[in-house]
Amino acid sequence: MNQTATTRRRFIKLGAWMISGMALIIGTRSMADLIGEDKKGNFPVSKTDTEWKETLNPEAYNVLRKEETERAFTSPLNDEHRKGTFYSAATGQPLFRSEDKFDSGTGWPSFSKPIEQKALVLRLDTTLGMERVEVEDSSSGSHLGHVFDDGPAPTGLRYCMNSASLLFVADGEAPPPLVKNYRP
């Protein structure tokens, strides 16, 4: 067996192990529960591609709707250290608290856990020749980033998010209309 095939098998095994481990951490859920709804499933916030383009800036649109990744160490939220809440830039849905943010050294904002697990949809992502777990907001199915099993205790998880997919509101600040008008 050649080196590429061996490496691919290792990634596949690692991905399967990671998803199984995440299922145990998240709770006793089946793989179907962990992976979530189909991309074309029904989400509470549903817009046409034209509507998304009109409401999101180009970078946020490319990350949230086209599943692109911003360059590492370009994120202004990577160095955000105030107390507050991180929301989906697509819908205003609350996702992460600053107390669960940590410096992963990867160049993207990283969190050990979401505010509520039901705020996220996790999917198996097999792009780029490897298996990863994609993270989407549960209100629109918008791409946020990926989750990995190399985070700090107690969860052991690293939710590695694109800052273009997030809005930060410091405690005590007035939230923007998107956040203020969010209805779960």
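Up top is the structure.
Residues numbered from 1 in each chain as written. Predicted model: local features only at pLDDT ≥ 70, side-chain atom pairs only at ≥ 80, totals over all residues. Heavy atoms only, no water.

Within the chain, the secondary structure is distributed over 5 helices and 9 strands. N-terminal to C-terminal, the α/β element order of the chain is α-α-α-α-β-β-β-β-β-β-β-β-β-α. Across the 184 residues that make up the chain, the buried fraction comes to 43%. Put simply, 59% of the contacts in the chain that link residues at least 6 apart link residues at least 24 apart. When the accessible surface of the chain is totalled, it reaches about 10200 Å², and 53% of it is carbon and sulfur. (Helix = DSSP H or I, 4+ residues; strand = E, 2+ residues; numbered from the N terminus. Buried < 20%, exposed > 50% of the residue type's maximum accessible area, 1.4 Å probe, protein only. Contact = heavy atoms within 4.5 Å. Areas by Shrake-Rupley, 256 points an atom, 1.4 Å probe, with all protein chains shown as cover.)

Spatial strand order, E3-E4-E8-E7-E6-E5: 6 strands in an open sheet with antiparallel pairing. Of all strands in the sheet, those bounded by a partner on one side alone are strand E3 (101–102) and strand E5 (120–125). Two elements, strand E4 (residues 110–111) and strand E8 (residues 158–161), share 2 bridges in a ladder whose sense is antiparallel. Counted as the bridge partner of Phe111 is Tyr159 from E8. (Pairing = 2+ DSSP bridges.)

What follows concerns the pairing of strand E9 (residues 166–170). Extensive coverage of E9 is indicated by the burial of 4 of its 5 residues. Pairing of strand E1 (residues 84–88) with E9, which is carried by 5 bridges, proceeds in the antiparallel orientation. Among the inter-strand pairings, Tyr87 is bridged to a residue of E9, identified as Leu167.

On to the packing of aromatic side chains. In this structure the tally under the stated criterion is 4 aromatic pairs. With a centroid separation of 4.9 Å and 70° between ring planes, the pair formed by Phe86 and Phe111 is classed as edge-to-face. Of this pair, Phe86 sits in strand E1 while Phe111 is found in strand E4, placing the two residues 25 residues apart along the sequence. Taking relative accessible area as the criterion, Phe111 reaches 0% and is therefore assigned buried. (Phe/Tyr/Trp six-rings, centres within 6.5 Å; stacked < 30°, edge-to-face > 60°.)

Attention now moves to the sheet that holds E1. Within the open sheet, the 3 strands sit side by side as E2-E1-E9. Their pairing is antiparallel. Among the strands making up the open sheet, the edge pair consists of strand E2 (94–97) and E9. Each strand axis lies, on average, 30° off the axis of its neighbour in the sheet, ignoring direction. Note that E1 and E2 share 3 bridges and pair antiparallel. Among the inter-strand pairings, Phe86 is bridged to a residue of E2, identified as Phe96. (Axes fitted to C-alpha atoms, helices over the stretch in contact; angles between N-to-C directions.)

Attention now goes to the environment of Leu64. When you line up the elements, Leu64 lands in helix H4 (residues 58–64). Setting aside anything within four residues of it in sequence, one finds Leu64 in contact with Leu56, Ala89, Ala90, Ser142, His143, Leu144, Ala164 and Ser165.

A few words on the pairing of E8. In E8, alternate side chains face the same way, and those of Arg158 and Cys160 on one face and Tyr159 and Met161 on the other are all buried. Bridge count for strand E7 (residues 143–148) against E8 is 4 bridges, and the pairing is antiparallel. Bridge pairing in E8 places Gly145 opposite Met161.

Worth remembering: the numbers are spatial, not functional.
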